[in-house]
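Examination of the molecular architecture
Next come the chains, spelled out residue by residue.
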Amino acid sequence: MQRKSSELLEQVKEIIESYDFAVTLRQIYYQLVTKQIIPNQQKYYAKLSRLCLSRGYRVGIRAVGDQCQGPEVFGGLQGWQNVE
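Residues numbered from 1 in each chain as written. Predicted model: local features only at pLDDT ≥ 70, side-chain atom pairs only at ≥ 80, totals over all residues. Heavy atoms only, no water.

With that out of the way, let us pick up the packing of helix H1 (residues 3-17) against helix H2 (residues 25-34). In helix packing, the relevant descriptors are the interaxial angle and the interaxial distance, both defined with respect to the helix axes. Between H1 and H2, the shortest axis-to-axis distance is 10 Å and the interhelical angle comes to 110°. Classified by the angle their axes make, H1 and H2 are roughly perpendicular. H2 is crossed by H1, and the crossing has right-handed handedness. Across from Leu8, Gln11, Val12, Ile15 and Ile16 in H1, the residues of H2 making contact are Ile28, Gln31 and Leu32. (Axes fitted to C-alpha atoms, helices over the stretch in contact; angles between N-to-C directions. Helix = DSSP H or I, 4+ residues; strand = E, 2+ residues; numbered from the N terminus. Parallel < 35°, antiparallel > 145°, perpendicular 65-115°, else oblique. Left-handed = near helix turned anticlockwise from the far one by under 90°. Contact = heavy atoms within 4.5 Å.)

Listed below in structure tokens is the structure:
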């Protein structure tokens, strides 16, 4: 894995671990854009998506549906199931 990709995945992992619930790829993307790590361009969103899906497992990132979960984030959305 290239160094830049590895560093980006570590930053993605940090973002995921900062939440107590699963986050979407879009949420991760905008966190990276806000921190000026990547530019706000569609091609970077596509690259981030490919990177997380193809290499994310190496650092413990798993995609579940349209959400990404880190190694310590399991069932974070259970509390929302009974909200009326």
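The rest of the description comes next.
Moving on to the confidence of the model for the protein chain. A residue-level look at the protein chain finds 71% of positions with pLDDT of 70 or above and a mean pLDDT of 75. Looking across the protein chain, the model is least confident in strand S3 (residues 67-69), with a mean pLDDT of 58, and most confident in H2, with 92. Counted against residues more than four places away or in other chains, residues 71-84, with its pLDDT under 50, gives 15 contacts. (pLDDT = per-residue confidence, 0-100.)

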